[in-house]
Amino acid sequence: MRKRCIIVAAALLLTGCDGNLSTLTPAGPVASEIALLWWIMLAGSGAITILMIVLVSLSLGRPRATSVRFWTHGMGLAFSMVILTSLLAVGLWIGERILPRDDGAVAVQAHAWQWGWTFTHEGPDGVPVETDDMIHIPAVEPVDVLITSEDVIHAFWVPQLAGKMDAIPGRTNRARLQADEPGQYEGLCAEFCGIGHARMRFSVQAHATWPPDLTSDGAEE
Amino acid sequence: MATGSDIGRGRGMTDTTSRPIDTSAAQGAISADLPRNPPQPALGLHRELSKVWANDRGLWGQITAVNHTTLGLRFMATAFVFFAIGGILSMLIRAQLATPQGAFLDTELYNQIFTMHGSIMMFLFAIPMLEGLGIWLLPKLLGTRDMAFPRLTALGYWCYLFGGLIMLTALLFGVAPHDGWFMYTPLSSAQHSPGINADVWLLGVTFVEISAIAAAVEITVTILRQRAPGMKLTEMPLFAWYMLGTSAMMLVGFPPLIAGSVLLELERAFDWPFFDPARGGDPLLWQHLFWLFGHPEVYIIFLPAAGAMSMIIPVMCRTTILGYGAIVAAVLGLVFLSFGLWVHHMFTVGIPHMALAFFSAASVLVAVPTAVQVFAWIGTMWKGHPQLHLPMYHILGFFLTFVMGGLTGVMLAIVPFNWQAHDTAFVTAHLHYVLIGGFVFPMMAAASYWMPLISGKQRVKGLGEAAFWVILLGFHGTFFIMHLTGLLGMPRRIDVYPDNPEWIWLNLTSSIFSFVLTIGFAMFALDMILQLLLGKRERRDPWSAPTLQWAMPLPTPSYNFASLPTARHLARDADSVILQLARGEGALAGAPRDRRELLVTSVGAAKPDHVAILPGNTALPLLLSASIGIFVLLMLAGLYGLAGAALAPVSILIWYWARGMTPQGDLRPVEIAPDLVLPVSHRATQSLGQTGLIAFLVANGTLFASLLFGLAFLSVVTPGPTPPPAEANTPATLFGIAVLSLSSVLATLISRRFSQQAAFAGALFNLVGLAAIVLLALTQMDNPTIHARDALRAAMAGYLALHLLTAAGMAAFTYVQFARSEINPTTGGAFPAWRAWQSYTVAVTLIALVVLIGQEVG
Ligand code: HEM
Ligand SMILES: [Cu+2]
Ligand SMILES: [Cu+2]
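Rules of the game
- Residues numbered from 1 in each chain as written.
- Chains lettered and ligands numbered in written order.
- Predicted model: local features only at pLDDT ≥ 70, side-chain atom pairs only at ≥ 80, totals over all residues.
- Heavy atoms only, no water.
- Helix = DSSP H or I, 4+ residues; strand = E, 2+ residues; numbered from the N terminus.
- Buried < 20%, exposed > 50% of the residue type's maximum accessible area, 1.4 Å probe, protein only.
- Areas by Shrake-Rupley, 256 points an atom, 1.4 Å probe, with all protein chains shown as cover.
- Near = heavy atom within 4 Å.
- Polar contact = N/O pair within 3.5 Å; in protein donor to acceptor, adjacent residues only side chain to side chain.
- Pairing = 2+ DSSP bridges.
- Axes fitted to C-alpha atoms, helices over the stretch in contact; angles between N-to-C directions.
- Core = buried A, V, L, I, M, F, W, Y, C linked by side-chain atoms within 4.5 Å.
- Contact = heavy atoms within 4.5 Å.
- Donors = N, O, S within 2.8 Å, 3.2 Å for Na, K, Ca; no water.
- Buried area = accessible area lost by both parts, 1.4 Å probe.
- Salt bridge = Lys/Arg side-chain N within 4 Å of Asp/Glu carboxyl O.
- Nonpolar A, V, L, I, M, F, W, Y, C, P; charged D, E, K, R; others polar.
- Parallel < 35°, antiparallel > 145°, perpendicular 65-115°, else oblique.
- Left-handed = near helix turned anticlockwise from the far one by under 90°.
- Tetrahedral: all angles 85-135°; square planar, octahedral: opposite > 155°, others 65-115°.
- Expected span 1.5 Å × (residues − 1).
- Domains from an automatic or database assignment.

**Student:** Tell me about the overall build of chain A, and please be specific about residues and values.
**Tutor:** Helix and strand content of chain A: three helices and 10 strands. What you see in chain A, going N to C, is helices and strands ordered as α-α-α-β-β-β-β-β-β-β-β-β-β. In chain A, buried positions account for 51% of the 221 residues. A total accessible area of about 9,600 Å² is found for chain A, and carbon and sulfur atoms account for 63% of it.

**Student:** Any details on the site of ligand 1? Residues and values, ideally.
**Tutor:** All names here are of chain B. Contacts to ligand 1 come from 24 residues, most closely from H117, W181, H432, R492 and R493. Between ligand 1 and H432, the relevant distance is 2.8 Å, taken from a nitrogen atom to a side-chain nitrogen or oxygen of the residue. One nitrogen or oxygen atom from the side chain of R493 is found 2.7 Å from an oxygen atom belonging to ligand 1.

**Student:** Describe the sheet that holds strand 9 (residues 183-189) of chain A, listing the residues and the values that go with them.
**Tutor:** Adjacent strands of a sheet pair through backbone hydrogen bonds, lying either parallel or antiparallel. Residues and elements named next belong to chain A. Sheet architecture is open: five strands sit in the order 4-10-9-6-7, paired in mixed fashion. The two strands at the open ends of the sheet, each matched to only one other strand, are strand 4 (134-138) and strand 7 (165-167). For this sheet, the mean inter-axis angle between neighbouring strands, taken without regard to orientation, is 30°. In this structure, strand 9 lies alongside strand 10 (residues 201-207), joined through six bridges in antiparallel fashion. What sits directly across from Q184, in strand 10, is Q205.

**Student:** Which residues make up the nonpolar core, and what values do they have?
**Tutor:** Ranked by size, the top nonpolar core spans 343 residues in total, and within it A:F156, B:W377, B:F417 and B:W450 carry the most contacts. For this core, the element with the most residues is helix 9 (residues 283-316) of chain B, which contributes 22 residues. Look past the residues within four positions of A:F156 in its chain and what remains in contact with it is A:A110, A:W117, A:F119, A:I135, A:V145, A:I147, A:G163, A:K164, A:M165, A:L177, A:L188 and A:F202. Residues B:A763, B:A811, B:I823 and B:F831 belong to the second largest nonpolar core, which totals seven residues.

**Student:** How would you summarise the coordination of the copper ion (ligand 2) if you had to cite specific residues and measurements?
**Tutor:** All names here are of chain A. Only C189 (SG), E191 (O), C193 (SG) and H197 (ND1) from the protein coordinate the copper ion (ligand 2), and they sit 2.1 to 2.5 Å from it. Linear spacing of the donor residues for the copper ion (ligand 2) on their chain is C-x1-E-x1-C-x3-H. Residue classification places C189 among the buried positions, given a relative accessible area of 2%. Exposure remark for H197: the relative accessible area of 2% places this residue in the buried category.

**Student:** Any details on the sheet that holds strand 5 (residues 143-149) of chain A? Residues and values, ideally.
**Tutor:** All names here are of chain A. Strand order in the open sheet formed by five strands is 3-2-1-5-8, and the pairing between neighbours is mixed. Single-partner strands in this sheet number two, and they are strand 3 (128-132) and strand 8 (173-177). Across the sheet, the mean angle from the axis of one strand to that of its neighbour is 25°, orientation sign disregarded. Sheet topology note: the strand 1 (residues 106-113)/strand 2 (residues 116-122) ladder contains five bridges and is antiparallel. Looking at strand 2, one finds that A112 is bridged to W117.

**Student:** Please provide a residue-by-residue account of the interface of chain A and chain B, values included.
**Tutor:** Taken together, the contacts link 78 residues of chain A with 85 residues of chain B. Carbon and sulfur atoms make up 73% of the surface buried where chain A meets chain B, a total of about 6,700 Å² over both sides. Per-residue buried area on chain A facing chain B is highest for A:W71, A:R171 and A:F192; these three make up 10% of the total on that side. Taken together, the connections running from chain A to chain B amount to one salt bridge. In this structure, B:D282 engages A:R171 in a salt bridge whose closest nitrogen and oxygen atoms are separated by 2.2 Å. Applying the counting rule to chain A against chain B returns 14 residue pairs in polar contact (both at pLDDT 80 or more). Going through the elements one at a time, helix 2 (29-59), helix 3 (68-98) and strand 7 of chain A are the ones with two or more residues in the side of chain A that touches chain B. For the side of chain A that touches chain B, the element with the most residues is helix 3 of chain A, which contributes 18 residues. Here the residues of the side of chain A that touches chain B sort into 45 nonpolar, 22 polar and 11 charged.

**Student:** Can you tell me about the packing of helix 7 (residues 197-225) of chain B against helix 8 (residues 238-270) of chain B, naming the residues and giving the values?
**Tutor:** Residue and element names in this part refer to chain B. Packing of helix 7 against helix 8 brings their axes to within 8 Å, and their N-to-C directions diverge by 155°. Compared by their axis directions, helix 7 and helix 8 come out roughly antiparallel. For the pair helix 7 and helix 8, the crossing hand works out as left-handed. By residue class, the composition of the contact of helix 7 with helix 8 is 22 nonpolar, four polar and four charged.

**Student:** Describe the coordination of the iron atom of ligand 1, with residues and values.
**Tutor:** Under ideal tetrahedral coordination, the four donors around a metal are separated by 109.5 degrees; under ideal octahedral coordination, the six donors are separated by 90 or 180 degrees. Residues and elements named next belong to chain B. Within the protein, H117 (NE2) and H432 (NE2) serve as the donor atoms for the iron atom of ligand 1, at 1.9 to 2.0 Å. In this structure, the iron atom of ligand 1 is coordinated by six donor atoms arranged in octahedral fashion, with angles at the metal of 88 to 179°. Within this pair, whereas H117 is found in helix 5 (residues 107-142), its partner H432 is found in helix 15 (residues 425-455), the two being separated by 315 residues in sequence. Of the two residues, H117 and H432, both sit in the buried class.

**Student:** Explain the environment of B:I88 to me, and be specific about the residues and the numbers.
**Tutor:** Residues and elements named next belong to chain B. In this fold, I88 is placed in helix 4 (residues 68-97). Of the residues examined, I88 reaches a relative accessible area of 53% and is grouped as exposed. Distance from I88 to H117, taken between C-alpha atoms, is 8.6 Å for residues 29 residues apart in sequence.

**Student:** Give me the lowdown on the environment of B:P296, citing residues and values where you can.
**Tutor:** All names here are of chain B. Tracing the backbone through its elements, the reader meets P296 in helix 9. For P296, a relative accessible area of 0% corresponds to the buried category. Residues P296 and T246 lie 50 residues apart in sequence; the distance between their C-alpha atoms is 9.3 Å.

**Student:** Outline the pattern of salt bridges, listing residues and values.
**Tutor:** Residue and element names in this part refer to chain B. Taken as a whole and assessed by the stated rule, the structure comprises 24 salt bridges over all chains. For R659, the salt bridge identified is with E822, shortest N-O distance 2.8 Å. Residue R659 is located in helix 21 (residues 640-659), and its partner E822 is located in the loop between helix 25 (788-819) and helix 26 (831-857); the two are separated by 163 residues in the primary sequence. Here R659 and E822 have matching classes, each one buried.

**Student:** Give a description of helix 20 (residues 620-636) of chain B that names residues and reports values.
**Tutor:** One turn of an α-helix holds 3.6 residues; hence residues three or four places apart share an orientation. All names here are of chain B. Between its terminal C-alpha atoms helix 20 stretches 24 Å, which fits the 24 Å expected from 17 residues at 1.5 Å a residue. Burial analysis of helix 20 places 12 of its 17 residues in the buried class, the great majority of the element. For helix 20, every residue scored as buried is listed here: L620, P621, L622, L624, S625, S627, I628, G629, V632, L634, M635 and L636. Next to the buried residues of helix 20 lie helix 3 (58-64), helix 6 (150-172), helix 7 and helix 21.

**Student:** Residue-level account of the domain arrangement of chain A, with values.
**Tutor:** Accessible area lost during the coming together of the parts is what is often quoted as the interface size. Residue and element names in this part refer to chain A. Here chain A is partitioned into domain 1 (20-97) and domain 2 (106-207). Computed over C-alpha atoms only, the centres of domain 1 and domain 2 are separated by 34 Å. Of the residues lining the interface, 12 residues belong to domain 1; the matching set on domain 2 comes to 16 residues. Approximately 1,000 Å² of surface area, both sides summed, lies buried where domain 1 meets domain 2, with 62% of it carried by carbon and sulfur atoms. Joining domain 1 to domain 2, the criterion identifies four residue pairs in polar contact (both at pLDDT 80 or more). In the side of domain 1 that touches domain 2, the residues fall into seven nonpolar, five polar and no charged.

Structure follows, in structure tokens:
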């Protein structure tokens, strides 16, 4: 797992696919699974695109006898069904693995508003701690972020840790993320929410010890 | 070799397939063909028909035109202008994004610009373009002289133009919509989007959608009822199948959007909280209604383009289409499946896990019928001999681009990946691959293929090919790396990215190539203009194509066919039937009765049924749409009282419109071919108007179903506060409900009787029902601003009231026709329409009451 991540990361560094918002340099298992899914799909799509280019190029010659069923049933139905169902199976399997489940994972709250974030986690003394624009999570273990909104729809997204989840007024949504290592990650609002949308960024601090002691100002790592 | 059954499948010029062509069906059709009319001088017929069918002269002629060729072309030209405007806006977007701190536009303006770019491209370019193509091409392809409802065509055009102009004007004044093309609420609510920006979108787009519904109704009717005699449904050209699928989807797809827009506008204007979570509403209801439309919309745009390709590819490859039946099945499959996928636009809103799996599977599945079509086209190219004329270039561009767009679409259907890619530049890339690959390239193929019919000229060599290469390079240069930009985390709809230097080179590259792309489109436009101005005369049937639209002189005459093609003309090269038709040897030759006539046939086998008499040139469509436009402007201005009053001229004009259909003049049967005498439409059992009304009621029923969906959604899915207990006084309420249901049932029963008294009583009963519902709403129903459920009930009451009022109006209209002795048992006038509407009204009234009572009791 780790080795693969390193290989992928190295390859990416070479091609310049870096950046602290990149889904292609995942920093946790959820994002890694999805990145793997992407590479599988990219390879498959590349192969299919080439196949289609070849088929179309070959057609440009002289007319030839060809069977109707080969194209409509063989390629159109069978070929596409095989590819699509296997992809769907992989997708469902990965989806199943990254889904939040009721396993007593640490929960933190993310409340979105125009335009900023208020995060709440449990402090060392059991009292909830509120922070603005910096969300604190434990590292290495799964975390559930409970996402709510004050006004319009926003979306909570930390590309290196997991996919996005909308913040919808009147509802609470749950996103599961996990960081492999303590450290700082970047997040943003992904759903258009008006004038301040582009600047609705936040940071994630993953801590080795939980609950974190914020008085030392995150200097623990 | 060429037979009746291969019409639409392309003629087998150098047909090298092993597949035998079934001739038995065609032989049957030919032996059952209509007798031949005696030949007449072609020039005389041309003069006689032109006098009747041509537009009036000059500018006035443009105002009163109802002819499908004029309006189809005008739709397409206007759509192209909007494409250019949308394109200029996209250049502004790309200029802003070229650098991380683009100070070129401020955020408010940037938001207006991308919202307008998306809305213009979808609602003012793509949809009207395909409507225009259908309106312009279908009658020519099916062998008839016009669309079923020419005045409706014109009405649709004016509504489109005025709605579009309202939106553009808002942009000029800096008050354009700014909430993104899907207008998610609460961002678009009165609280978070004060000002008229959002109203411009809701009212403007709904105004434009009148034209979509109108086009869908008449395209359905034209395809089902106006095919040349002998052109069976199962043998019609594929483009007609595709347009039939498209129009069916429009009839069912647009009503949810219209319902959603009306509700959101009611919320903004009157504070009815359909989408407000604090008062039992739900922002997700908007998303469901929007995407119930929005997803099918993608296929509504793609299908006509695919239909055009199914016509062009066989001709370019000198062969017949491979797998006609499979393609038809694929189209029907797509129409059906595309309504089961809308949730894939909402994978991140937090829906249950099983629903995610279901909609993911459905979204993946929809790629199958698409694959069937793509492979059938490639197979067609294999069995034929592709010739690299200009249309073929664009078709190759389509294959490359659309396949890639389809593949990224499948990726996005996989939920975990969707969670990462959703709302990023990846999606922007995907949607442009699909829309430009699946619509713009095919439309450019279609333009270069059909242009000779429009201009009667050849194109100037070379420029078109150059434009193609520049567009292909510019397109992929702009959008290919945007996939990567998105995966590197760049969200869509942002105007600055100062903290992300890693996105700079990607965006700069996209921006540079987008200017290449624009140059390419400009070259394409130049090519069209040069052809119109400088092209040499083109010969008839330049592509040696088999379908009927080429069996006419170039450019096309206003009446299309001097005599209508019948089974024997379907079988042949366009070239070989053109003279016979021009000399009047087909059916219903000329215009001897000095009025616009065409042949109506049966739905399945296209047996001649009756002769429709069409209205001539009139300014009524312009007046009616202008009066609707005044209503829209008053709503925008917030003058709701005046807006209500503005509905009076609208209703009066509709009354006049209907009066235009009154049976009058010469109603004697018409001899369309020797010894074949058919009744005229006023005496037909199932006229075009009646088929059209059914199509319209399907759309209307979907609108009603959308309201019911809203009611169910709010009470089952929405987590919000429960509504306060009803304040109604039960006996009074029950009495009102009893009066309402009784009077609407009685009106319906009485509408079975064909008499003047029945019409009078019908009008009266409907008015009693209307009074009951108004009183119920005013005295018994809860205040609609308190809770979303009550707001929806009020909206439902409004819907019923409108239907009762219309039913009363139709009964009164029938009464007037009786009083003037315009109708009798053989010439029913408006009576069948009233009866159908009345049945629909009673059905929705009773359903609404049952649902309401069930909700209260349950
Ligand atoms: C002429 C070349 C075009 C260019 C360069 C272009 C460029 C763009 C860009 C850069 C955006 C994304 C803005 C953002 O969200 O960050 C965008 C959005 C969009 N474009 Fe295009 N576009 C083009 C043509 C089209 C066409 C032909 C269509 C449809 C038929 C279309 C439909 C859309 C839609 C629906 C959106 C989404 C708008 C929204 O987010 O509300 N575009 N376009
Ligand atoms: Cu946002
Ligand atoms: Cu969709």
